[in-house]
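Structural description and commentary
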Amino acid sequence: MRLSVIGCGYLGAVHAAAMASIGHEVVGIDVDPHKIDALAHGRAPFFEPGLPEILAEGVASGRLTFTTDMAAAEGAKVHFVAVGTPQQERSHAADLTYVNAAIDALLPHLSPGDIVAGKSTVPVGTAASLTPRIESAGATLVWNPEFLREGWAVQDTIDPDRLVVGIPAGSDAADTLREVYHPAIAKSTPFIVTDLATAELVKVAANAFLATKISFINAMAEIAEVTGADVTQLAEAIGHDDRIGRKFLGAGIGFGGGCLPKDIRAFSARAEELGRGESVAFLREVDEINLRRRERAVQLVISGLGGSVYGKKVTVLGAAFKPHSDDIRDSPALDTAVRLHGLGAEVVVTDPEAIENARRIHPQLTYVDDRDTALAGAEAVLLVTEWDEYRRRMPASHVSTLTAGRVIVDGRNALDPAEWRGAGWAYFGMGRP
Ligand code: UDX
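Residues numbered from 1 in each chain as written. Predicted model: local features only at pLDDT ≥ 70, side-chain atom pairs only at ≥ 80, totals over all residues. Heavy atoms only, no water.

1. A word on the pattern of salt bridges
For the structure shown, the criterion picks out 27 salt bridges. For Arg-371, the salt bridge identified is with Asp-372, shortest N-O distance 2.9 Å. Under the relative-accessibility criterion, Asp-372 is labelled partly exposed at 21%. Within this structure, Arg-265, Asp-287, Arg-294, Glu-295, Asp-330, Asp-335 and Arg-339 form a network of salt bridges that share partners. (Salt bridge = Lys/Arg side-chain N within 4 Å of Asp/Glu carboxyl O. Buried < 20%, exposed > 50% of the residue type's maximum accessible area, 1.4 Å probe, protein only.)

Here you go:
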């Protein structure tokens with residue numbers, strides 16, 4: 001099937017390449033010529049495992065093309081809208097500028113019978129308000145939210161755990177979407193057909209739930225900290241209950257990234273507009289608990305260093321908001337580094353993938369590519385992104401040969417306290433004794 005994908009960021013670039021990899025003829029369209037140039041040459045403009053391979057393969061096969069020219073969308077049966085919906089600068093609400101611009105630019109190129117499939121995360125009600133414009137071109141608007149996780153985006157797109165499509169009453173657009181996702185459909189992946197509002201809500205509800213789960217365990221970490229309990233054992237113990245589940249109970253410096261933080265804020269803002277602010281008032285607490293954990297990690301470094309970080313060399317392991325990503329949007333890891341720098345510490349940041357992005361936004365910090373060089377002479381070490389090269393391939397005995405001090409703050413509860421204490425370190429975890 002011929003498809004267009006409008007917006008080639010983390011979501012759209014992966015979607016375009018994944019759709020080509022399952023046999024479709026896909027054009028990816030974006031207003032950023034640099035991004036398009038890289039993609040058109042089969043190069044991923046960001047780090048995402050598996051993407052370079054399917055991108056290169058798609059471009060070489062001729063089934064996958066990229067352009068800045070919206071006219072290239074003509075002739076596609078389904079047009080996926082995958083542009084960003086960031087947080088507005090002066091409020092918590094979602095900024096729909098890019099969605100509106102994409103729809104306006106696409107309209108003159110639509111043909112009767114086309115399907116426009118929204119993938120961007122939008123406030124509930126957005127699809128209904130966009131529908132008259134799409135229908136004026138004889139096309140149908142559906143909402144097909146995306147649940148991919150960065151780091152697993154290719155796998156999540158080709159083989160998702162469920163597919164959700166919101167369609168207008170009386171439309172048969174769901175059949176076309178079944179054809180688009182034929183390999184997943186053939187594997188009996190749950191395919192949920194619903195109305196537009198439900199499809200929009202499914203996405204924000206899922207992210208609100210995940211954020212709440214993380215803040216729940218981080219709230220337990222706060223209680224553990226004043227009682228001497230161990231939140232990692234608590235998570236394991238409650239996680240054995242199927243109804244609770246062990247996933248997303250990792251206590252630490254909390255969630256960040258391009259989705260969870262802005263999505264829960266936009267959800268609260270939308271609920272307020274709908275007169276139902278109280279229904280999701282707890283999301284404000286979820287946000288606050290989350291932000292408190294970053295400060296907690298900073299406080300642990302301060303107390304580990306005897307009350308002040310001023311003039312002390314602190315090595316921060318990680319800048320990306322999570323491992324397997326170079327994304328630093330709302331990264332709790334980078335935020336802790338910035339806070340320590342603000343307190344006068346000599347901060348050295350290292351990360352396997354995210355340094356370039358971090359340097360662009362926070363040029364005031366010192367960045368070092370090589371982990372061991374970054375650790376040299378450190379008086380304290382703060383682990384904030386649990387890359388394998390910090391959690392698995394960084395023996396305490398080895399780090400002891402590099403650093404000046406023996407203070408480690410484990411912002412992701414990724415290390416074995418016994419190993420570090422055994423090597424003579426003062427180990428501080430999050431919600432662990
Ligand atoms: C999330 C959703 O998982 C995905 O379904 C949606 O489509 C987009 O938003 P992503 O932003 O890629 O995906 O990251 P995710 O894996 O959900 O992690 C989000 C943040 O939570 C990270 O900063 C991570 O470090 C943190 N996290 C995750 C925890 O602090 N504890 C956990 O137990 C799990």
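2. Side note on the pairing of strand S6 (residues 140–143)
Bridge count for strand S5 (residues 115–118) against S6 is four bridges, and the pairing is parallel. Note on S6: the bridge partner recorded for Gly-118 is Trp-143. Tracing the backbone out of S5, into helix H5 (residues 126–136) and back to the parallel element S6 gives a crossover that is right-handed. (Pairing = 2+ DSSP bridges. Helix = DSSP H or I, 4+ residues; strand = E, 2+ residues; numbered from the N terminus. Right-handed = clockwise from strand over helix to strand, strands pointing away.)

3. So, the packing of aromatic side chains
Considering all chains together, one arrives at four aromatic pairs under this definition. Aromatic side chains Tyr-10 and Phe-46 sit 4.3 Å apart centroid to centroid with 35° between the ring planes, which places their arrangement in the tilted category. Residue Tyr-10 is found in helix H1 (residues 10–21), and its partner Phe-46 is found in the loop between helix H2 (33–40) and helix H3 (51–61); the two are separated by 36 residues along the sequence. Take Tyr-10 and Phe-46: they sit in the same class, and that class is buried. Seen from the ring of Phe-147, Arg-162 lies directly overhead, with NZ or CZ sitting 3.6 Å from the centre. (Phe/Tyr/Trp six-rings, centres within 6.5 Å; stacked < 30°, edge-to-face > 60°. Lys NZ or Arg CZ within 6 Å of the ring centre and 35° of its normal.)

4. Quick look at the site of the ligand
Around the ligand, a shell composed of 20 residues is seen, among which Phe-147, Leu-148, Glu-150, Gly-250 and Phe-321 lie nearest. Interatomic distance of 2.7 Å between a backbone N/O atom of Glu-150 and an oxygen atom of the ligand. Here an oxygen atom of the ligand and a side-chain polar atom of Lys-322 are 2.9 Å apart. Bound to the protein, the ligand loses 90% of the 670 Å² it would expose on its own. With four residues, the single largest contributor to the shell around the ligand is helix H9 (residues 196–227). Its residues placed into classes, the shell around the ligand shows 10 nonpolar, four polar and six charged. For the shell around the ligand, the two domains that each supply at least three residues are domain 1 (2–193) and domain 2 (195–433). (Near = heavy atom within 4 Å. Polar contact = N/O pair within 3.5 Å; in protein donor to acceptor, adjacent residues only side chain to side chain. Areas by Shrake-Rupley, 256 points an atom, 1.4 Å probe, with all protein chains shown as cover. Nonpolar A, V, L, I, M, F, W, Y, C, P; charged D, E, K, R; others polar. Domains from an automatic or database assignment.)

5. Points about the domain arrangement of the protein
Here the protein is partitioned into domain 1 (2–193) and domain 2 (195–433). Relative placement of domain 1 and domain 2: their C-alpha centres are 31 Å apart. Taken residue by residue, the interface counts 33 residues in domain 1 and 27 residues in domain 2. Considering only the side of domain 1, the residues that lose the most area to domain 2 are Phe-47, Val-124 and Glu-150, jointly responsible for 29% of the buried surface there. If you look at where domain 1 meets domain 2, you find one salt bridge. Residue Glu-150 pairs with Arg-329 through a salt bridge whose shortest N-O separation is 3.2 Å. Where domain 1 touches domain 2, the interface holds 14 residue pairs in polar contact (both at pLDDT 80 or more). Broken down by secondary-structure element, the contributors of at least two residues to the side of domain 1 that touches domain 2 are H5, S6 and strand S7 (163–166). (Contact = heavy atoms within 4.5 Å. Buried area = accessible area lost by both parts, 1.4 Å probe.)

6. Description of the packing of helix H11 (residues 260–273) against helix H12 (residues 282–304)
For the pair H11 and H12, interaxial distance at closest approach is 9 Å and the crossing angle is 155°. For the element pair H11 / H12, the angle class is roughly antiparallel. The two elements H11 and H12 cross, and the hand of that crossing is left-handed. Each of Ile-264, Arg-265, Phe-267, Ser-268 and Glu-272 in H11 lies in contact with H12, whose residues at this interface are Leu-283, Arg-284, Val-286, Asp-287 and Leu-291. (Axes fitted to C-alpha atoms, helices over the stretch in contact; angles between N-to-C directions. Parallel < 35°, antiparallel > 145°, perpendicular 65-115°, else oblique. Left-handed = near helix turned anticlockwise from the far one by under 90°.)

7. Points about helix H7 (residues 173–180)
For H7, the set of buried residues is Ala-173, Ala-174, Thr-176, Leu-177 and Val-180. The buried residues of H7 occupy an angular sector of 155° when the element is viewed end-on, so they sit on one face. (Arc of directions from axis to C-beta.)

8. Structural notes on empty space enclosed by the protein
Applying the stated criterion to the full structure yields two cavities of 30 Å³ or more. Of the volumes computed, that of the largest cavity is approximately 80 Å³. For the lining of the largest cavity, the leading source of residues is H11, giving five residues. For the lining of the largest cavity, the two domains that each supply at least three residues are domain 1 (2–193) and domain 2 (195–433). Lining the second largest cavity are Met-19, Ile-22, Thr-157, Ile-158, Pro-160, Tyr-181, Pro-183 and Ala-184. A per-class count over the lining of the second largest cavity returns seven nonpolar, one polar and no charged. (1 Å grid on protein atoms, 1.4 Å probe; cavity = no way out; pocket = protein on both sides within 12 Å on 5 of 7 lines; lining within 4 Å. Points joined across faces, edges and corners; volume = space filled by probe spheres on them.)

9. A look at the environment of Ala-376
Structurally, Ala-376 is set in the loop between helix H15 (371–375) and strand S12 (380–383). Take Ala-376: its relative accessible area is 35%, and that puts it in the partly exposed class. Leaving out residues up to four positions away in the same chain, Ala-376 has contacts with Lys-313 and Leu-402.

10. Description of unusual backbone geometry
Of note, the phi angle at Phe-248 is positive, near 65°, even though the residue is not glycine. Positioned with a positive phi, Asn-413 is a non-glycine residue whose angle comes to about 50°. Looking at the element boundaries, Asn-413 is found in the loop between strand S13 (407–410) and helix H18 (417–422). Under the relative-accessibility criterion, Asn-413 is labelled buried at 12%.

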